[in-house]
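Examination of the molecular architecture
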Amino acid sequence: MAEKILPPEELGRVDYSPPKKSWMDPKVEFRKGTFNYGAVPSSTSYLDLPFSRKWQPTDDDWQLPDNWKEIILNGLKDRLKKYRSLKVFMDICVRCGACADKCHFYIGSGDPKNMPVLRAELLRSVYRNDFTTAGKLLGKLAGGRKLTKEIIKEWFYYFYQCTECRRCSVFCPYGIDTAEITMMGRELLNLLGLDIDWITTPAANCFRTGNHLGIQPHGFKDSVEFAVDDLEEITGIRVEAPINKKGAEVLFIVPSADYFGDPHYFGFLGYLALLHEIGLDYTFSTFASEGGNFGLFHSAEMMKRLNAKMYMEAKRLGVKWILGGECGHMWRVIHQYMDTVNGPADFLEVPVSPITGTRFEHAASTKMIHIAEFTADLIKHGKLNLDKSRNDQWRVTFHDSCNPARAMGLLEEPRFILNSVCNHFYEMPENTIREQTFCCGSGAGLGTDENFEMRMRGGLPRANAVKYVQEQHDVNMLCCICAIDKATLPPLMDYWVPGIQVGALHELVGNALVMKGEKERVTDMRSNPLPGKEVTVDA
């Protein structure tokens, strides 16, 4: 945790004055609250990552291997050959500045090196110096910089002040995806063993127990059974939640926080109620008890390794297709990378809803659809009995989580659901939502306590938009469909916009769902009184 947490009125005074030193000066200060801790050796060793050792960014000596420069330059050379897009991104930027003020970290910090164009330039300058004719001949005059240990530290500082949200790419007239440059920068750092712990330890946990939180199979089973008990207390209905059931039609995979964290858990109760009500033949898996993929924040190889377990389990259990829960980076991996890194899942069938008959053709290759798509389709076909008034205690706004929104185009389905289950739904300003949505400020492995100040700075634009609808419409809930958002938005709201609760989309679905045979409902999924039922609960 940061030694001193600045009050919001002080942190909110951002100085956008250009610094006196040149951007080519790589020196950075690792001040507490603005960086993430280095990975612990037990996790890097478990994952068989290179140069596993005990180190921290605040150390003077990062214990780099003797041939560190050769490793980096060869690594960059290999990636320039492998990824044509990387070379294009290195060459075509004209520094027009269209992306400069679009990054939430620049808006919240005022640091020019958090402008996407300049953050990319930190890598591009080394590329220019060592891989272009102009750079080799003219060096600094051509914008090149010789690779030094100070530049490595600079890379670590700034590539871990990027959540890979891709908002900048929406505004780039040349289509440069600066998040891809961040991903390549991190891959190069990983070659030297310069990983952060909040990426490597969740990844190691995922290999060891099937999920990022390190929950053992029996712990997963206990959590699901606990949720079944809770739902019965709320609804009077005992649902089934099958685990490792062979031959089920659907494998349901959720982020591990859904059955363990708050407020995620209330959405998990909503899942169980919904799937019981429609009679879906599904199963959970203890092996694939995690939909999220922290490999996206580490390297293409790690992303591939983690994604494989879901499809291996789908094959083992003999399901027809996969349904995924409310998670952000799960869906960017599935939608944008799965076919390339893991290959098409030809042993599965194109998802078809057994309730409505809808065939989800866009998932013809991945064989996996998002629960928001699935639920929106049920509502559209009139398959659910919904009572909107059960959510009248909430005045809701919706945060478009970066990966489902920008990477997957999942924009209308959540809104259709919200308008179907809530009487009071209000949009934030149009330049802060949908494709232009602001990030939570804590994705891509940055959601740690030691990084608290930078998280609050990065989340400032999102918080400002929430504050606007709070003041205009008395909004009291920020709804989202991403596990990382549900974990990191509550402290962001507590800091910048007190009084705003964070909730899951399917928490609201569960509240509104009128189940066949249910007892008189007096509480919502949080076990708080439903509107008009306060006296009944107290009694």
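The structure displayed is predicted, hence computed values, not measured ones. (Residues numbered from 1 in each chain as written. Predicted model: local features only at pLDDT ≥ 70, side-chain atom pairs only at ≥ 80, totals over all residues. Heavy atoms only, no water.)

What follows concerns the overall build of the chain. Helix and strand counts for the chain stand at 23 helices and seven strands. Taken over C-alpha atoms, the radius of gyration comes to 24 Å for the chain, in line with the 24 Å a tight globule of 539 residues would show. For the chain, buried positions account for 62% of its 539 residues. Sequence-distant contacts in the chain: of pairs separated by 6 or more residues, those separated by 24 or more amount to 77%. About 20800 Å² of surface is accessible on the chain, with carbon and sulfur atoms providing 50% of the total. With 63 positive and 69 negative side-chain charges, the chain shows a spacing of 7 Å between the two charge centroids. (Helix = DSSP H or I, 4+ residues; strand = E, 2+ residues; numbered from the N terminus. Rg over C-alpha atoms; globule rule 2.2 N^0.38 Å. Buried < 20%, exposed > 50% of the residue type's maximum accessible area, 1.4 Å probe, protein only. Contact = heavy atoms within 4.5 Å. Areas by Shrake-Rupley, 256 points an atom, 1.4 Å probe, with all protein chains shown as cover. Lys, Arg positive; Asp, Glu negative; His and termini not counted. Charge placed at Lys NZ, Arg CZ, Asp CG, Glu CD.)

Bringing the environment of A203 into the picture now. Its place among the elements puts A203 in helix α11 (residues 197-209). Along the sequence, A203 and G532 sit 329 residues apart, while their C-alpha atoms lie 45 Å from each other. Setting aside anything within four residues of it in sequence, one finds A203 in contact with L47, H212, M302 and L306.

Attention now goes to unusual backbone geometry. Note: most peptide bonds trans; most residues except glycine with negative phi. With an omega of 20°, the peptide bond running from D262 to P263 counts as cis. Within the secondary structure, P263 sits in the loop between β1 (250-253) and α13 (264-278). The phi dihedral of N244 is positive, around 55°, even though this residue is not glycine. Secondary-structure assignment places N244 in the loop between α12 (217-235) and β1.

The subject of this paragraph is the packing of aromatic side chains. Going through the model one piece at a time under the given rule, you end up with 28 aromatic pairs. Consider the rings of W55 and W62, whose centres lie 5.0 Å apart with planes at 50°: the pair is tilted. Here W55 falls in the buried class, since its relative accessible area comes to 2%. Arranged with centres 5.5 Å apart and planes meeting at 75°, the rings of W62 and F156 form a pair that is edge-to-face. Residue W62 is found in the loop between α2 (41-46) and α3 (68-82), and its partner F156 is found in helix α8 (residues 149-159); the two are separated by 94 residues along the sequence. Comparing W62 with F156, the two get one shared label, buried. (Phe/Tyr/Trp six-rings, centres within 6.5 Å; stacked < 30°, edge-to-face > 60°.)

Taken together, three strands build an open sheet; the order of strands is β5-β6-β7 and the sheet is parallel. Of all strands in the sheet, those bounded by a partner on one side alone are β5 (396-398) and β7 (501-504). Across the sheet, the mean angle separating the axes of adjacent strands is 35° when strand polarity is ignored. Relative to β7, strand β6 (residues 477-480) runs parallel, the two sharing four bridges. Pairing of L478 across the sheet is with V502, part of β7. (Pairing = 2+ DSSP bridges. Axes fitted to C-alpha atoms, helices over the stretch in contact; angles between N-to-C directions.)

Attention now goes to the environment of M493. Within the secondary structure, M493 is located in helix α21 (residues 483-496). Along the chain, M493 and L478 lie 15 residues apart, while their C-alpha atoms are 9.0 Å from each other.

Another aspect to go through is the state of the cysteines. Enumeration according to the criterion identifies zero disulfides in this entry. Distance from the sulfur of C440, which forms no disulfide, to the nearest cysteine sulfur (C439) is 4.1 Å. (Disulfide = S-S within 2.5 Å.)

What follows concerns a nonpolar patch on the surface. On the surface, L137, L138 and L141 cluster together into a nonpolar patch covering about 390 Å² of accessible area. Mapped onto the secondary structure, L138 falls in helix α7 (residues 133-138). (Patch = residues over 30% accessible without salt bridge, like charges linked within 9 Å, V, L, I, M, F, W, Y side chains within 5 Å. Salt bridge = Lys/Arg side-chain N within 4 Å of Asp/Glu carboxyl O.)

This next bit is on the pairing of β1. A two-sided burial pattern is seen for β1, the buried positions comprising V250 and F252 on one face and L251 and I253 on the other. In terms of strand pairing, β1 meets strand β2 (residues 282-283) through two bridges, oriented parallel. Across the sheet, the residue bridging to L251 is T283, located in β2. As paired elements, β1 and strand β3 (residues 321-324) share four bridges and run parallel to each other.

The next thing to look at is the domain arrangement of the chain. Examined at the domain level, the chain breaks down into domain 1 (23-195) and domain 2 (202-533). Put simply, the middle of domain 1 and the middle of domain 2, counted by C-alpha atoms, are 32 Å apart. Counting residues at the interface gives 36 residues for domain 1, matched by 39 residues for domain 2. Between domain 1 and domain 2, the buried area comes to about 3100 Å², and carbon and sulfur atoms account for 56% of it. Viewed at the interface, domain 2 and domain 1 are joined by two salt bridges. (Domains from an automatic or database assignment. Buried area = accessible area lost by both parts, 1.4 Å probe.)

The parallel open sheet is built from four strands, whose spatial order is β2-β1-β3-β4. Each end of this open sheet is capped by a strand with a single partner; those strands are β2 and β4 (368-370). Sheet topology note: the β3/β4 ladder contains three bridges and is parallel. Directly across from I322, in β4, lies its bridge partner M368.

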